Amino acid sequence: MYDIEKYTQIVKDRLSDYRFHHSVCVSESAKALARRYGADENKAELAGILHDICKEDSLDDQLDIINRAGYSMTELELNNKNCYHQLSSSAYAKVVLGIDDDEILNSIRYHTTGRANMSLMEEIIYLADFISADRKYKDIDIVRQEAEKGKEYGMLYATKHTIKSVIDREIPLHPDTLDTYNWLIKTYFKKG
């Protein structure tokens, strides 16, 4: 059992008030989703609070912790600064905080891009980050409505929303996000 208060204080000391509030909201959302889907609530709450722990670190500091953890980055990831924090936050949890639970580490590692064959915990953190109480982006009400129907519906809408946003901004789409979409369609909607 992880001491959530201890890790919450660590996160609070590292992040701005805005980012800390978001992390708390994701943690609460993750715990609720874990309860709904029969996952470990303590692990979900911890992954939620830690998911952005390095988001406000310099890119150099993020690269340093990623390298210290032995994680490798693709060329696309190296050139897409928005991907750094999911790797660095997982690496920080592993290297600095000593968390060795792959379920927690991977749910942090893939919370932005998703990936094919996500575990239940990975799905929970991915979705919790999209629907947390602090979110106010266009279509948030639709994503939450879809998530109420089931995690697969919320995840599919969130993934499509991400893909459309990336295309509209004309920036590279991480292959893991495309893999997430294809995996969701094949696994939950039996198409393709």
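Please refer to the structure higher up on the page.
Now for a quick tour of the structure. (Residues numbered from 1 in each chain as written. Predicted model: local features only at pLDDT ≥ 70, side-chain atom pairs only at ≥ 80, totals over all residues. Heavy atoms only, no water.)

**Overview of the overall build of the chain**
Logical step 1: Within the chain, the regular secondary structure consists of eleven helices and zero strands.
Logical step 2: Listed N to C, the secondary structure of the chain is α-α-α-α-α-α-α-α-α-α-α in terms of helices and strands.
Logical step 3: Rg of the C-alpha trace for the chain: 16 Å, near the compact-globule value of 16 Å for 192 residues, within the 12% margin.
Logical step 4: Across its three principal axes, the chain shows a C-alpha extent of roughly 40 × 35 × 30 Å.
Logical step 5: A buried classification covers 51% of the 192 residues belonging to the chain.
Logical step 6: Restricting to contacts in the chain with at least 6 residues of sequence separation, those with at least 24 account for 63%.
Logical step 7: Working note: accessible area of the chain is about 9,500 Å², and carbon and sulfur atoms make up 48% of it. (Helix = DSSP H or I, 4+ residues; strand = E, 2+ residues; numbered from the N terminus. Rg over C-alpha atoms; globule rule 2.2 N^0.38 Å. Buried < 20%, exposed > 50% of the residue type's maximum accessible area, 1.4 Å probe, protein only. Contact = heavy atoms within 4.5 Å. Areas by Shrake-Rupley, 256 points an atom, 1.4 Å probe, with all protein chains shown as cover.)

**Some points on helix α3 (residues 41-50)**
Logical step 1: With nine of its ten residues buried, α3 lies for the most part within the structure.
Logical step 2: Regarding α3, the residues found buried are Asn42, Lys43, Ala44, Glu45, Leu46, Ala47, Gly48, Ile49 and Leu50.
Logical step 3: Buried residues along α3 sit against α1 (4-14), α2 (17-37), α6 (81-95), α7 (102-109) and α8 (120-131).
Logical step 4: Two or three places before asparagine 42, at the opening of α3, aspartate 40 has a side-chain oxygen 2.9 Å from that residue's backbone nitrogen. (Polar contact = N/O pair within 3.5 Å; in protein donor to acceptor, adjacent residues only side chain to side chain.)

**Concerning the nonpolar core**
Logical step 1: By size, the foremost hydrophobic cluster in this structure holds 50 residues, and its most contacted members are Leu46, Leu50, Ile99 and Ile124.
Logical step 2: For this core, the element with the most residues is α8, which contributes eight residues.
Logical step 3: Each residue touching isoleucine 124, except ones within four places of it in the same chain, is listed here: Ala30, Leu33, Ala34, Ala39 and Ala44. (Core = buried A, V, L, I, M, F, W, Y, C linked by side-chain atoms within 4.5 Å.)

**Here we look at the packing of α3 against α7**
Logical step 1: Closest axis-to-axis distance for the α3/α7 pair is 9 Å, and the angle between their directions is 40 degrees. α7 is crossed by α3, and the crossing has right-handed handedness. For the pair α3 and α7, contact is made by Lys43, Leu46, Ala47 and Leu50 and by Glu103, Ile104, Ser107 and Ile108, respectively.
Logical step 2: Each residue belonging to the contact of α3 with α7 can be placed in one class, and the counts come to five nonpolar, one polar and two charged. (Axes fitted to C-alpha atoms, helices over the stretch in contact; angles between N-to-C directions. Left-handed = near helix turned anticlockwise from the far one by under 90°. Nonpolar A, V, L, I, M, F, W, Y, C, P; charged D, E, K, R; others polar.)

**Concerning α8**
Logical step 1: Look at α8: 16 Å from first C-alpha to last across twelve residues, which is about the 16 Å you get at 1.5 Å a residue.
Logical step 2: Judged by how many residues are buried, α8 sits mostly within the fold: eleven of twelve residues are covered.
Logical step 3: Restricting attention to buried positions, one finds in α8 the residues Met121, Glu122, Glu123, Ile124, Ile125, Tyr126, Leu127, Ala128, Asp129, Phe130 and Ile131. (Expected span 1.5 Å × (residues − 1).)

**Points about the side chain of arginine 19**
Logical step 1: Tracing the backbone shows arginine 19 in helix α2.
Logical step 2: Classification of arginine 19 by relative accessible area gives buried; the value is 12%.
Logical step 3: Within the local environment of arginine 19, its side chain forms a polar contact with the side chain of aspartate 52, the two groups lying 3.1 Å apart.
Logical step 4: For arginine 19, the contacting residues outside a window of four places in its chain are Asp52, Lys55 and Glu56.

**Remarks on the environment of serine 29**
Logical step 1: Structurally, serine 29 is set in helix α2.
Logical step 2: Taking the C-alpha atoms as reference points, serine 29 and lysine 136, 107 residues apart in sequence, are found 15 Å from one another.

**Comments concerning the pattern of salt bridges**
Logical step 1: Enumeration according to the criterion identifies 13 salt bridges in this entry.
Logical step 2: Its salt-bridge partner being glutamate 45, residue lysine 31 comes within 3.9 Å of it at the nearest N-O pair. Pair noted here: lysine 31 is in helix α2 and glutamate 45 is in helix α3, with a separation of 14 residues, a long-range link.
Logical step 3: Note that lysine 43 and glutamate 103 form a salt bridge whose closest N and O atoms lie 2.9 Å from each other. Placement of lysine 43 in helix α3 and of glutamate 103 in helix α7 is noted, with a sequence separation of 60 residues between them. (Salt bridge = Lys/Arg side-chain N within 4 Å of Asp/Glu carboxyl O.)

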